[in-house]
Amino acid sequence: RLAEEARRAAGALELEARRAEELGVRLDAVAPAQQELQRKHDAAVEQLQGLEGEKHRTSVQKDELLAALSTEQEAVELARRSKEQAKRAIEEAGPTQLSAGDVLISVAFRGVPQPLELMPWDTNLEAVVTKWLTATQRSIRLQPSVVRYLTHLEETAEAFPVRVEASLLDVHEEFAL
């Protein structure tokens, strides 16, 4: 009977040994797949951590942009109110009267230190322009185009005094014969 039990135990042991060997083979077959899954898992965790950092940086940047936008909107609103107040002040002040000593038209030409000024009593534009060209040491050949430019300013002005800045070259090119 003991021999019978020993044989059964030996058979069971052999069966378990074969089973253990089969499980070892299966484990060896599954190990590379498990390692690949672990590598993918680690890469996914690393990517998620990177995305969390990027999300945080983006959130901070969004908050900074919203704060800047709010500041700009406040500045625009302040400028709008200031412009409205200035406009109301001008309307309340009414039109100003020109006196005989006021300049009717003043043209500041870029690169020329002295502006060309037309006074209310100046009726001879050619003489005024010639005198200015001589005083500023500019070519007298510019006289006809500058006279036409002054005439244009006088005819198109909605209100006086007129104060403009211009380029002598541009005026000459546009108003030359």
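For the structure, see preceding data.
A few points on the structure. Throughout, a residue's number is its position along its own chain's written sequence, starting from 1. Whole-chain, interface and lining totals are the exception, using all residues; otherwise, since this is a predicted model, local features are given only for residues with pLDDT of at least 70 and side-chain atom pairs are given and counted only at 80 or more. Computation of side-chain values covers all heavy atoms of the structure but excludes hydrogens and water.

## A short note on the layout of surface pockets
The way it works is a 1 Å grid over only the protein atoms, where trapped points that fit a 1.4 Å probe form a cavity and open points with protein on both sides within 12 Å along at least five of seven lines form a pocket, and then any residue with an atom within 4 Å of a point lines it. Grid points are joined across faces, edges and corners, and a volume is the space filled by probe spheres set on the points. Volume-wise, the largest pocket comes out at about 200 Å³. Around the largest pocket, the lining residues are Q114, P115, L116, E117, M119, D122, V128, K131, W132 and A135. What counts as a helix is a DSSP run of H or I of at least four residues, what counts as a strand is a run of E of at least two, and both are numbered from the N terminus. Secondary structure elements with two or more residues in the lining of the largest pocket: β2 (116–118) and α2 (125–135). Broken down by element, the lining of the largest pocket gets its largest block of residues, four residues, from α2. All residues other than Ala, Val, Leu, Ile, Met, Phe, Trp, Tyr, Cys, Pro, Asp, Glu, Lys and Arg, Gly among them, are scored as polar; the first ten of these are nonpolar and the last four charged. Class assignment of the residues belonging to the lining of the largest pocket gives a composition of six nonpolar, one polar and three charged.

## Comments concerning the sheet that holds strand β3 (residues 162–166)
Being paired, for any two strands, means DSSP has found at least two bridges between them. Read across the sheet, three strands follow the order β2-β1-β3 without closing on themselves; strand pairing throughout is mixed. Edge positions in the sheet fall to β2 and β3, since each of these pairs with one other strand and no more. Averaged over neighbouring strand pairs, the angle between their axes works out to 10 degrees when direction is ignored. Bridge analysis of strand β1 (residues 105–109) against β2 gives three bridges, and the strand direction is antiparallel. Residue pairing for β2: I105 is matched across the bridge by L118. Any two residues whose heavy atoms approach within 4.5 Å are treated as being in contact. Throughout, an axis means a line fitted to C-alpha atoms (over the contacting stretch in the case of helices), and angles, computed between N-to-C directions, take values from 0 to 180 degrees. The sheet strands contacting helix α3 (residues 143–156) are β1, β2 and β3, and the helix crosses β1 at an angle near 130 degrees.

## Some words on the packing of α2 against α3
Running from amino to carboxyl end, α2 crosses α3 at an angle of 125 degrees, the nearest separation of the two axes being 9 Å. Classified by the interaxial angle, the pair formed by α2 and α3 is oblique. When the axes of α2 and α3 are compared, the crossing they make is right-handed. Here α2 contributes L125, E126, V129, T130 and L133 to the contact with α3, which in turn contributes Q143, V146, V147, L150, T151 and E154. Here the contact of α2 with α3 is composed, by residue class, of six nonpolar, three polar and two charged. Oblique is the label for any angle not under 35 degrees, not over 145, and not in the 65 to 115 range, which are roughly parallel, roughly antiparallel and roughly perpendicular in turn. Left-handed describes a crossing whose near helix is turned anticlockwise from the far helix through less than a right angle; right-handed describes the clockwise counterpart.

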